[in-house]
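Here is how the chains run, residue by residue.
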Amino acid sequence: MDFLTNNDIVIVALSEWEGPRRIRQYLSDELVKRGNRVLFVEGYYSLTKFLRKPDFSKLIRFLRGPREVRTNLFVLSTVPFLPLGEFSPALSWINWSLSRIFVKRAMQKLNFRKSIAIIFAYNAESLVGTLNESLSIYFCNDAFDKLYSRAALQKRVAALEQKLIRKVDAVITVSEKLTGEKSPDAKNITTIHHGVDYRLYEEALRNPGPSTEEFKQMRKPIIGYSGVVRHIIDIDLLDYLAAERPEWSLAIIGPVTESDTRYYKKVNALKRRRNVYFLGSRSPESLPHLIDQFDVCLLPYTVSDVSTYYAAPLKFYEYLAAGKPVVSTVGPRNFDENIVINATTREGFLHGVERALTLTASGDVVRRKELARLNSWEQRVNSMITFISALPERAHAE
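Every value quoted in this text rests on a predicted model; they were computed, and no experiment measured them.

Caption draft 1: Structural detail: the overall build of the protein. Within the protein, the regular secondary structure consists of 15 helices and 14 strands. Compactness check: the protein gives a C-alpha radius of gyration of 21 Å against a globular reference of 21 Å for 398 residues, within 12% of the reference. Counting only C-alpha atoms, the protein reaches 60 × 45 × 40 Å along its principal axes. Across the 398 residues in the protein, those meeting the buried criterion constitute 55%. Relative to all contacts within the protein whose residues are 6 or more apart in sequence, the contacts with residues 24 or more apart total 72%.

Caption draft 2: Just the sheet that holds strand β8 (residues 189-191), in detail. If you walk across this open sheet you meet the eight strands as β3-β4-β2-β1-β5-β6-β7-β8, and the pairing is mixed. Sheet topology places β3 (67-70) and β8 at the edges, where each strand pairs with a single neighbour. Strand-to-strand twist of the sheet, defined as the mean angle between neighbouring strand axes without regard to direction, takes the value 25°. Strand direction decides the pairing type here: β3 and strand β4 (residues 73-76), joined by three bridges, are antiparallel. Bridge pairing in β4 links Arg-67 to Val-75. Running over the sheet, helix α4 (residues 89-109) touches β1 (8-12), β2 (37-41), β4 and β5 (115-119) and is turned about 155° from β2.

Caption draft 3: Structural view of the pattern of salt bridges. With the rule as written, the count across this model stands at 23 salt bridges. The shortest N-O distance in the salt bridge between Glu-161 and Lys-182 comes to 2.7 Å. Residue Glu-161 is located in helix α5 (residues 151-167), and its partner Lys-182 is located in helix α6 (residues 176-182); the two are separated by 21 residues in the primary sequence. In this structure Lys-182 comes out as buried when scored by relative accessible area, which is 7%.

Caption draft 4: Main features of the nonpolar core. Ranked by internal contacts, the top residues of the largest apolar core, which has 70 residues, are Leu-4, Val-10, Leu-31, Leu-39, Ile-118, Tyr-138 and Phe-139. Here Ile-118 is in contact with Ile-9, Val-10, Ile-11, Val-12, Leu-27, Leu-31, Ile-137, Phe-139 and Met-384, once residues within four sequence places are set aside. In terms of nonpolar packing, the next biggest core, distinct from the first, is built from 60 residues, Ile-222, Leu-290, Tyr-319 and Val-353 among them.

Caption draft 5: Helix α9 (residues 235-244), seen in detail. Within α9 the residues assigned to the buried category are Ile-235, Leu-237, Leu-238, Tyr-240, Leu-241 and Ala-242. Where α9 begins, the capping side chain belongs to Asp-234, and its oxygen is found 3.2 Å from the backbone nitrogen of Asp-236.

Caption draft 6: Local environment of the pairing of β4. Along β4, one buried face is formed by Leu-73 and Val-75 and the opposite face, lined by Phe-74 and Leu-76, is buried too. Note: β2 against β4, four bridges, orientation parallel. Bridging from a neighbouring strand, Phe-40 pairs with Val-75 of β4. Linkage of β3 to β4, two consecutive antiparallel strands, is achieved through a turn of two residues, within which Asn-72 is found at a positive phi near 70°.

Caption draft 7: Up close: the packing of aromatic side chains. This model, assessed by the stated rule, comprises nine aromatic pairs. A centroid spacing of 5.1 Å and a plane angle of 35° characterise the contact between Tyr-122 and Phe-144, whose relative ring orientation is tilted. Pair noted here: Tyr-122 is in the loop between β5 and β6 (133-140) and Phe-144 is in the loop between β6 and α5, with a separation of 22 residues, a long-range link. Note on Tyr-122: relative accessible area 3%, which makes it buried. Between the aromatic rings of Phe-316 and Tyr-317, the centroid separation amounts to 4.9 Å while the plane-to-plane angle is 65°, which identifies the pairing as edge-to-face. You'll find Phe-316 and Tyr-317 in the same group, each marked buried. Counting every residue linked through ring pairs, the aromatic cluster contains Phe-316, Tyr-317 and Phe-335. Here the basic side chain of Arg-21 rests over the ring of Tyr-26, its NZ or CZ set 4.9 Å away from the ring centre. Over the ring of Tyr-317 we find Arg-380, and its NZ or CZ is 5.7 Å from the ring centre.

Caption draft 8: Geometry of the environment of Ala-143. With respect to the helices and strands, the residue Ala-143 is situated in the loop between β6 and α5. The buried category is assigned to Ala-143, whose relative accessible area is 1%. Between the alpha carbons of Ala-143 and Lys-177 there is a distance of 9.6 Å; along the sequence they are 34 residues apart.

Procedures and definitions
- Residues numbered from 1 in each chain as written.
- Predicted model: local features only at pLDDT ≥ 70, side-chain atom pairs only at ≥ 80, totals over all residues.
- Heavy atoms only, no water.
- Helix = DSSP H or I, 4+ residues; strand = E, 2+ residues; numbered from the N terminus.
- Rg over C-alpha atoms; globule rule 2.2 N^0.38 Å.
- Buried < 20%, exposed > 50% of the residue type's maximum accessible area, 1.4 Å probe, protein only.
- Contact = heavy atoms within 4.5 Å.
- Pairing = 2+ DSSP bridges.
- Axes fitted to C-alpha atoms, helices over the stretch in contact; angles between N-to-C directions.
- Salt bridge = Lys/Arg side-chain N within 4 Å of Asp/Glu carboxyl O.
- Core = buried A, V, L, I, M, F, W, Y, C linked by side-chain atoms within 4.5 Å.
- Polar contact = N/O pair within 3.5 Å; in protein donor to acceptor, adjacent residues only side chain to side chain.
- Phe/Tyr/Trp six-rings, centres within 6.5 Å; stacked < 30°, edge-to-face > 60°.
- Lys NZ or Arg CZ within 6 Å of the ring centre and 35° of its normal.

Set out below in structure tokens:
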């Protein structure tokens, strides 16, 4: 039986649908392509944040219930959560208990019956078993406890996540390191790395895209990063590249979401460099042609305990789908330099970019694109189906 075809699927996310594209949006898209109906429950936002900076559009979306953003893909905004629920078991239970009322109401409105629940929220243990699901999966795409610096908060997050892992039928993680850490508490577990919407890149790059004014003013070569700019991105490393090679252009596509004042000051200092271009958020459909303008693509993560969990960052295969060489601080490390050059020092990173600029052979470009094709979201969902089909019968009883 194909458990991810022609089913009703509830995805409990940690992000808004319209926010930066992450694994949960890509997974939702692929599941809809396979004839499933998907209810995407948007990431929670706290009542405190709402009171500080009221966003009535979110409140209106919540009051209206599920909205259909495309055929068979429905998005539900959640009730504002009480603050600190990401750390407190009691507050977390209250928040998700309230949210469950509206999720079940949306499921009833959409005539969702027996569902499959795919949960990205590490503290949503109280939802498991309440959504009339035939199968519950925790999709762990980050080392959530490691995102906090205080040991006490790390311990609380780990405890909440452990309760969820022990309760769900199965766990999927995005790296072998995460799988190793979560496996002692999981009934069933596997690793499925990030993927890429390969068809989007293949179809977009068949024809030259429109050149933009931003790229017309940039001097070649163009060294680029595409993704969210936050604390895990090494802004000092990017500044070093821009300073050491003023004849290069450094292009950054994506929003700056970091709220830390010191980090934001560094971002503003980088923006003031004449050879640095912050292009802001762009639609997923425009990314193939934008990334195609890059000569070398970067994965400039801060080397820390958190970064060791990224076996293959989300942007890695998107870069390869555009045929571009990659320079990274965090891997993956099981490919040769024609695919990715790894460096652990800023000098090594600079030399890696210089080396990558020479890797322009057509055979290398074809090889990168083929590797991306083999790691598409379509292939990732195929891997999920294989994993689910092999689960003990009690794990997905009808």
